Amino acid sequence: MRLSSATLPRIFGSVVKPRYDRNAQRCGIVHIGLGAFHRAHQAVYTDDAMNDGDCDWGIVGVSLRGAAVEAQMGPQDGLYTVRERQDNESHIRLIGAVRRILVAPQDPGAVVRAIAEPDTKIVTCTITETGYCRGRDGRLDSALPDLASDLAADTPPKTIYGLLGRALSQRKNSGSPGLTLICCDNLADNGGQMAALLGEFIRATGPELLAWVDDHCRCPSTMVDRIVPATTDADREQTARDIGLRDEATINTEPFRQWVIEDSFAGPRPRWEIGGAQFVHDVAPFETAKLRMLNGAHSALAYLGLARRYEFVHQAIADPTIRSLIEHLMRQEAAPSLQPAAGLDLDAYADSLLARFANKSLQHRLAQIAMDGSQKIPQRWLETLQIQNKKGQDCPALLQALAAWIVFLRAEVAQIGDPMAPTLMALWRQQGTLGIVDALVGPSGIFARHWSASPEIRQRLTKMMTSFFMNAT
Ligand code: CS2
């Protein structure tokens with residue numbers, strides 16, 4: 001029997017349930033990108049606020065791509081469970097915050113209406129680094145077909161910009177208040193990027209909206225953190241055994257979660273602090289520490305770990321060679337590149353990250369992290385390399401990781417996925433081992449805007465790549 005509002009009385013007693021009346025809540029949030037991360041993070045904080053009596057923050061969840069999430073959550077009336085796993089312990093909680101599910105490609109008009117709805121006060125999004133349609137120069141890439149279609153006016157909107165542009169224009173015309181738009185993806189200065197990219201889109205499609213958006217909307221930056229492995233069939237079976245109902249939308253995650261948000265809202269917001277969210281004047285120190293230390297280490301674990309044929313994060317971090325590289329990367333390379341927030345002890349932060357990576361019960365696949373590397377590496381590694389090289393500091397661990405990524409690009413990227421996979425693989429074919437490093441991080445390489453390596457470092461990278469080839473054969 002499937003989890004839903006009707007079957008809820010049959011759920012096993014040990015599951016922690018929402019204490020608020022779900023049917024009495026209006027929807028105050030539209031979330032775009034209803035994947036596992038949102039369900040384990042922002043939806044949980046919102047559920048905490050509603051449990052504490054903060055009403056009318058129900059979430060309309062939007063899938064920007066396929067209908068799979070609607071098939072999982074629709075028949076369950078938006079209900080799903082979150083299981084926190086640490087060693088042999090796990091705790092299951094039922095989340096009731098998601099009230100409606102929309103699939104943008106099927107009914108973009110309904111998504112626009114939901115965002116334009118006067119009850120909506122906040123739009124959050126987790127659409128991954130690729131969802132922002134950025135080109136190499138960091139601006140909108142109008143060569144991307146979906147974005148090109150949204151820029152060409154009257155076709156149904158396909159990207160976040162098309163959806164927001166239409167809805168914001170409706171809000172302006174109907175005299176509704178502005179919105180707080182919160183990008184919850186791992187981009188540096190994510191609020192600033194969101195504002196700039198949306199501004200660029202509006203300037204191209206309806207510049208008369210710009211002043212209204214500037215005056216009435218806000219794009220706070222935010223640091224979001226929780227490790228959320230993709231759910232497997234085995235996880236779903238286990239949940240069915242543990243709660244007595246089938247939950248196709250169940251989530252597995254770690255006990256840890258963190259959310260730091262710039263305190264800049266266009267209107268009301270949920271009391272997310274009930275769940276531990278911090279509202280601060282400047283998110284940048286938290287965001288850059290997380291991107292360069294946690295995510296930087298994660299991507300390094302992914303490529304170094306896959307090169308040694310590991311499958312999971314906990315296996316890679318248990319390998320002594322990889323572990324010492326990761327420690328070096330975090331403590332000697334990333335940490336000194338940061339200006340930490342007051343009270344943030346970066347060495348203790350590194351310790352806590354190592355403990356989180358070692359969580360065996362999470363079964364976090366390296367391949368999940370290795371995906372979309374071209375979109376992740378600039379803010380995770382190249383900024384650190386740029387800052388440290390300028391100071392004359394060597395970053396041997398990041399160079400090892402970069403060499404592992406470049407080797408990975410030759411054959412594995414197509415299978416794992418990256419929006420730049422065709423370009424990167426074509427470069428490999430044209431340039432071979434001797435030219436690929438220059439083509440990527442040389443003075444006129446693809447990533448030169450973020451970091452351009454000296455001839456000496458490029459030589460070292462080429463040498464390091466050779467050792468990965470030897471390991472692989
Ligand atoms: C990971 C992140 O998949 C990845 O690239 O590095 O999703 C990571 O697990 C989260 O940012 C943790 O907050």
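Since this is a predicted model, take the numbers as computed values, not measurements.

J.: Kindly report on the overall build of the protein, identifying the contributing residues and their values.
T.: In terms of regular secondary structure, the protein is built from 19 helices and 11 strands. Here the C-alpha atoms of the protein give a radius of gyration of 22 Å, agreeing with the 23 Å that 2.2 N^0.38 yields for 473 residues. Based on the C-alpha atoms only, the size of the protein along its principal axes is roughly 65 × 55 × 45 Å. Across the 473 residues that make up the protein, the buried fraction comes to 58%. Taking the intrachain contacts of the protein between residues at least 6 apart in sequence as the baseline, contacts between residues at least 24 apart amount to 77%. Carbon and sulfur atoms form 50% of the exposed surface of the protein, whose accessible area is close to 19,100 Å². If the 50 positive side-chain charges of the protein are averaged to one point and the 53 negative ones to another, these points end up 3 Å apart.

J.: Explain helix 4 (residues 108-116) residue by residue, including any values.
T.: Since the α-helix turns once every 3.6 residues, residues separated by three or four places project in the same direction. In terms of burial, helix 4 is largely enclosed, as seven of its nine residues are buried. Each element contacted by the buried residues of helix 4 is listed here: strand 1 (27-32), strand 2 (58-63), strand 5 (98-103), strand 6 (122-125) and helix 6 (160-173).

J.: Give a detailed account of the pairing of strand 3 (residues 80-86), specifying residues and quantitative values.
T.: Of all seven residues in strand 3, five are buried, a share of seventy percent or more. Relative to strand 4 (residues 89-95), strand 3 runs antiparallel, the two sharing seven bridges. Bridging from a neighbouring strand, Arg85 pairs with Ser90 of strand 4. Here strand 3 folds back onto strand 4, and the loop between the two strands holds two residues, one of which, Asp87, carries a positive phi near 50°. Bridging between strand 3 and strand 9 (residues 251-253) involves three bridges; their strand directions are parallel. Each residue of the ladder has a partner; that of Val82, found in strand 9, is Ile251.

J.: Account for the environment of Gln106, naming residues and giving values.
T.: Residue position: Gln106 is located in the loop between strand 5 and helix 4. For Gln106, a relative accessible area of 58% translates into the label exposed. With 40 residues separating them along the chain, Gln106 and Gly66 place their C-alpha atoms 8.6 Å apart.

J.: Report on the sheet that holds strand 3, specifying residues and quantitative values.
T.: Pairing within the open sheet is mixed, and its three strands lie in the order 4-3-9. Only two strands of the sheet have a single neighbouring strand rather than two, namely strand 4 and strand 9. Pairs of neighbouring strands in the sheet enclose a mean axial angle of 25°, with direction left out of account.

J.: Can you break down the pattern of salt bridges residue by residue, with the values?
T.: One pass over the structure, following the stated rule, counts 27 salt bridges. For the salt bridge of Glu237 with Arg246, the shortest nitrogen-to-oxygen distance reads 3.5 Å. Overall, Arg246 belongs to the partly exposed group, its relative accessible area being 28%. In this structure, Arg331 engages Glu327 in a salt bridge whose closest nitrogen and oxygen atoms are separated by 3.0 Å. Of this pair, Arg331 and Glu327 both sit in helix 12 (residues 320-334), four residues apart, which is roughly one turn of the helix. Classification of Glu327 as partly exposed rests on a relative accessible area of 24%. Through salt bridges with shared partners, a single network forms among Asp233, Arg236, Glu237, Arg246 and Glu248.

J.: How would you summarise the sheet that holds strand 5 if you had to cite specific residues and measurements?
T.: As summarised here, the arrangement of the five strands in space is 5-2-1-6-7, forming an open sheet in which the pairing is parallel. If you trace the sheet from one side to the other, it starts and ends with strand 5 and strand 7 (180-183), each paired once. Between one strand axis and the next, the sheet turns by 20° as a mean value, whatever way the strands run. Both strand 2 and strand 5 contribute to a ladder of five bridges, which runs parallel. Directly across from Val60, in strand 5, lies its bridge partner Arg100. Of the strands in this sheet, strand 1, strand 2 and strand 5 touch helix 2 (residues 42-51), which is tilted by about 165° from strand 2.

J.: How would you summarise the site of the ligand if you had to cite specific residues and measurements?
T.: The full set close to the ligand counts 13 residues, and Asp225, Arg226, Lys290, His298 and Lys376 are the nearest of them. One of the side-chain N or O atoms of Asn186 is found 2.9 Å from an oxygen atom in the ligand. Here Arg226 contributes a backbone N or O atom positioned 2.9 Å from an oxygen atom of the ligand. The set of elements that each furnish at least two residues to the shell around the ligand consists of strand 8 (222-225), helix 10 (284-307), helix 14 (366-370) and helix 15 (373-390). A total of three residues in the shell around the ligand trace back to one element, the largest contributor, which is helix 10. Of the residues belonging to the shell around the ligand, the class tally is three nonpolar, five polar and five charged.

J.: Kindly report on empty space enclosed by the protein, identifying the contributing residues and their values.
T.: The full count for this structure, using the stated rule, is two cavities of 30 Å³ or more. Reported here for the largest cavity is a volume of approximately 50 Å³. Lining the largest cavity are Ile227, His298, Val313, His314, Arg356, Phe357, Asn359, Leu362, Gln363 and His364. Sorting the residues of the lining of the largest cavity by element identifies helix 11 (313-318) and helix 13 (346-357) as the ones contributing at least two each. The residue makeup of the lining of the largest cavity, split by class, is four nonpolar, five polar and one charged. In this structure, the second largest cavity encloses a volume near 40 Å³. Taken together, Asp185, Asn186, Leu187, Asn190, Thr222, Met223, Val224, Glu287, Lys290 and Leu291 make up the lining of the second largest cavity. Of all the secondary structure elements, the ones that give two or more residues to the lining of the second largest cavity are strand 8 and helix 10. When the residues that make up the lining of the second largest cavity are grouped by side-chain class, the tally is four nonpolar, three polar and three charged.

Cut-offs and rules
Residues numbered from 1 in each chain as written. Predicted model: local features only at pLDDT ≥ 70, side-chain atom pairs only at ≥ 80, totals over all residues. Heavy atoms only, no water. Helix = DSSP H or I, 4+ residues; strand = E, 2+ residues; numbered from the N terminus. Rg over C-alpha atoms; globule rule 2.2 N^0.38 Å. Buried < 20%, exposed > 50% of the residue type's maximum accessible area, 1.4 Å probe, protein only. Contact = heavy atoms within 4.5 Å. Areas by Shrake-Rupley, 256 points an atom, 1.4 Å probe, with all protein chains shown as cover. Lys, Arg positive; Asp, Glu negative; His and termini not counted. Charge placed at Lys NZ, Arg CZ, Asp CG, Glu CD. Pairing = 2+ DSSP bridges. Axes fitted to C-alpha atoms, helices over the stretch in contact; angles between N-to-C directions. Salt bridge = Lys/Arg side-chain N within 4 Å of Asp/Glu carboxyl O. Near = heavy atom within 4 Å. Polar contact = N/O pair within 3.5 Å; in protein donor to acceptor, adjacent residues only side chain to side chain. Nonpolar A, V, L, I, M, F, W, Y, C, P; charged D, E, K, R; others polar. 1 Å grid on protein atoms, 1.4 Å probe; cavity = no way out; pocket = protein on both sides within 12 Å on 5 of 7 lines; lining within 4 Å. Points joined across faces, edges and corners; volume = space filled by probe spheres on them.

Take it as geometry only, folks, not as evidence of what the structure does.
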